[in-house]
Amino acid sequence: MLIYKESGIRGAWIQCFICTLLSILHGVIPETSRALDIMTKYPLIDGHNDLALRLRIIYNNKLSRVNLHNIPHVATDISRLTAGHVGGQVFAAYVLCTAQDKDAVRLTLEQIDLIRRVCTENPKLELVTTAEGMRNSTKIACLISVEGGHSIDSSLPALRMFYQLGVRSMALTHTCNTPWAESSSSFHPFYQRKSKSSLTEFGTAVVNEMNRLGMLVDLSHSSWETTRAVLKHTTAPVIFSHSSAYAVCNNTRNVPDDLLLRLKENGGLIMVNFYKSFVACSNITNVSIVADHFDHIKRVIGAESIGIGADFDGAQGFPQGLEDVSKYPALIEELISRNWSEEELAGVLRLNFLRVFRKVEKVRDDMLHTLPSEVEIPFLEANNSCRVILTNPVRVSGSYRNGKASLMPETATHNPDSRKDYWCLPANPPGPVLFQSEEERR
């Protein structure tokens, strides 16, 4: 009898445990299934990924050595993009700020070439240049961005040539100022400002030309003052390709509420970054803390202004449960548990980005008869040892090049028939500075 009673108690306890477990799983399994269903209908477009940087660092851009389906030591490859239900990826062509005023343009061209190869040499990927192309692609659609205005070397023709190569987005700064725009970081000493404008006259010309071309103006990494100036000036919506909410994590790379409100007025988009220092301001973070940024931005300006720009491979240290590009469904599950609707999630996953991109293209279409800008940056604003003022060449005495003469040559002769041993001088040099010709620099 005692055995019977004990067995009955044990059986009841087991039955209760099973019921509790099933109750929990009833909530988890439908959320997981629903997240995957939604992501199948609305494959994610992510606004920022630095795989190209990792391919430079690890493989020196030698794609012949890379299996794009399975790349060790990175967070991005084709297998994991597929597992993460990624339908579109904006790949960043990024070069270090230390290349500014040196070979940033060349290095950026090499990164653009790399992204184009990645996205055209594999049948699972497709290089696109329009909102329609991204919307209709049945593969993983690739869009090229340039991360940092230092990559154009203060040249609107260079900007236009990047566009011709397929670039459709550019961040005005990275962690360094340019001569014409201000970074959110003071890490690098380039063009430190005291009383200068956060967006110069040439900076507004860059924004104007991006509007005319149909390029997305990306304000991630820009200072708040530069952001305010751009939002006041641009005629097209802008994006923050990988930034989060300052009210949740007070890092200056994030966006404060007053700028979120101005972004809403602009019709633009903030694509939330996953990097731990931007979402938790600490080394400890998880999916829930990332979702807090989505909730906050939704309360301030609505879900229609939000996207995802995880910044995978641009940093080391991502939340537990969001370690690589295969883990996006975990975030969608979390947002479902917080009562985000399918309509809101469809926007966050892809529709909001496509809407903004199409509006940028509409501004381009409206400016069809506007001629390309011929504005040049004033020499004094971008004065550096690698920038040449094109004047009639003069021959430099041999003693100067051996370092045994005064800084300025005693005599100079013009020889239009020779292309060697010439220096280019500014018409009104700001000081005793000489500028080498292209042949000399090689």
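Model, not experiment: these values are computed from the prediction. (Residues numbered from 1 in each chain as written. Predicted model: local features only at pLDDT ≥ 70, side-chain atom pairs only at ≥ 80, totals over all residues. Heavy atoms only, no water.)

### Considering helix 7 (residues 201-213)
Here is the rule: Helix and strand definitions follow DSSP, with helices as H or I runs of at least four residues and strands as E runs of at least two, each counted in order from the N terminus. Multiply 1.5 Å by the residue count of a helix minus one, and that product is the helix's expected span. Categorising residues by exposure relies on relative accessible area from a 1.4 Å probe, with only protein chains included: less than 20% of the type maximum marks a residue as buried, more than 50% marks it as exposed, and the intermediate range marks it as partly exposed. Contact definition: two residues touch when any of their heavy atoms are within 4.5 Å.
Taking 1.5 Å per residue as the helical rise, helix 7 with its 13 residues ought to reach 18 Å, and the 19 Å between its terminal C-alpha atoms agrees with that figure. Burial analysis of helix 7 places 11 of its 13 residues in the buried class, the great majority of the element. All of the buried residues in helix 7 are Phe-202, Gly-203, Thr-204, Ala-205, Val-206, Val-207, Glu-209, Met-210, Asn-211, Arg-212 and Leu-213. Where the residues of helix 7 are buried, they touch helix 6 (156-164), strand 5 (167-171), strand 6 (216-218), helix 8 (224-233) and helix 13 (342-366). At the C-terminal side of helix 7, Gly-214 shows a positive phi close to 90°.

### Considering the nonpolar core
The test is simple: Buried Ala, Val, Leu, Ile, Met, Phe, Trp, Tyr and Cys residues that are joined via side-chain atoms within 4.5 Å together make up what is termed a nonpolar core.
Within the largest apolar cluster, 92 residues are counted, with the highest numbers of intra-cluster contacts made by Met-170, Leu-172, Phe-274, Phe-294 and Tyr-328. Listed in part, the 19 residues of the second largest apolar core include Ile-45, Phe-353, Leu-354 and Val-356.

### Focus: the packing of helix 11 (residues 287-301) against helix 12 (residues 328-337)
The condition is simple: Helix axes use the C-alpha atoms of the stretch in contact, all axes being lines fitted to C-alpha atoms, and the angles between their N-to-C directions lie in the range 0 to 180 degrees. What makes a crossing left-handed is the near helix being turned counterclockwise from the far one by less than a right angle; a clockwise turn instead makes it right-handed. Note that Gly is not counted as nonpolar here; it falls among the polar residues with everything else outside the nonpolar set of Ala, Val, Leu, Ile, Met, Phe, Trp, Tyr, Cys and Pro and the charged set of Asp, Glu, Lys and Arg.
Relative to each other, helix 11 and helix 12 sit at 65°, their axes nearing to 10 Å. Our pair here, helix 11 against helix 12, has a crossing hand that is right-handed. Along its contact with helix 11, which presents Val-287, Ser-288, Val-290, Ala-291 and Phe-294, the element helix 12 presents Ala-330, Leu-331, Glu-334 and Leu-335. For the contact of helix 11 with helix 12, a count of residues per class yields seven nonpolar, one polar and one charged.

### Digging into the confidence of the model for the protein chain
As a reminder of what qualifies: Per-residue confidence from the predictor is reported as pLDDT, a score between 0 and 100.
For the protein chain, the mean per-residue pLDDT works out to 86, and 81% of the residues sit at or above 70. In the model, residues 21-26 has pLDDT below 50 throughout and makes one contact with residues more than four positions away in sequence or in other chains. Counting contacts from residues 399-442, a segment whose pLDDT is below 50, to residues more than four positions away or on other chains yields 73 contacts.

### Topic: the pattern of salt bridges
Close approach of charged atoms allows side chains of opposite charge to pair. Rules: Take a side-chain nitrogen of Lys or Arg and a carboxyl oxygen of Asp or Glu: if they are within 4 Å of each other, that pair is a salt bridge.
Evaluation of the coordinates by the stated rule reveals 22 salt bridges. Asp-103 serves as the salt-bridge partner of Arg-106, at 2.6 Å between the closest nitrogen and oxygen. Looking at Arg-106, the relative accessible area reads 42%, which means it is partly exposed. Measuring nitrogen to oxygen at the nearest pair gives 2.9 Å for the salt bridge that ties Asp-365 to Arg-364. Sharing partners across several salt bridges, the network here consists of Arg-56, Asp-103, Arg-106 and Glu-110.

### A look at the packing of aromatic side chains
The condition is simple: When the centres of two rings from Phe, Tyr and Trp lie within 6.5 Å, Trp using its six-membered ring, the rings pair. Their planes under 30 degrees apart give stacked, over 60 give edge-to-face, and anything left gives tilted.
One pass over the full model with this rule turns up 10 aromatic pairs. With a centroid separation of 6.3 Å and an interplanar angle of 70°, the aromatic rings of Trp-180 and Phe-202 are classed as edge-to-face. Here Phe-202 lies in helix 7 and Trp-180 lies in the loop between strand 5 and helix 7, a separation of 22 residues in the sequence. As far as burial versus exposure is concerned, Trp-180 and Phe-202 are alike and both buried. A ring pair is formed by Tyr-275 and Phe-278, whose centres lie 5.1 Å apart and whose planes are at 90°; its orientation type is edge-to-face.

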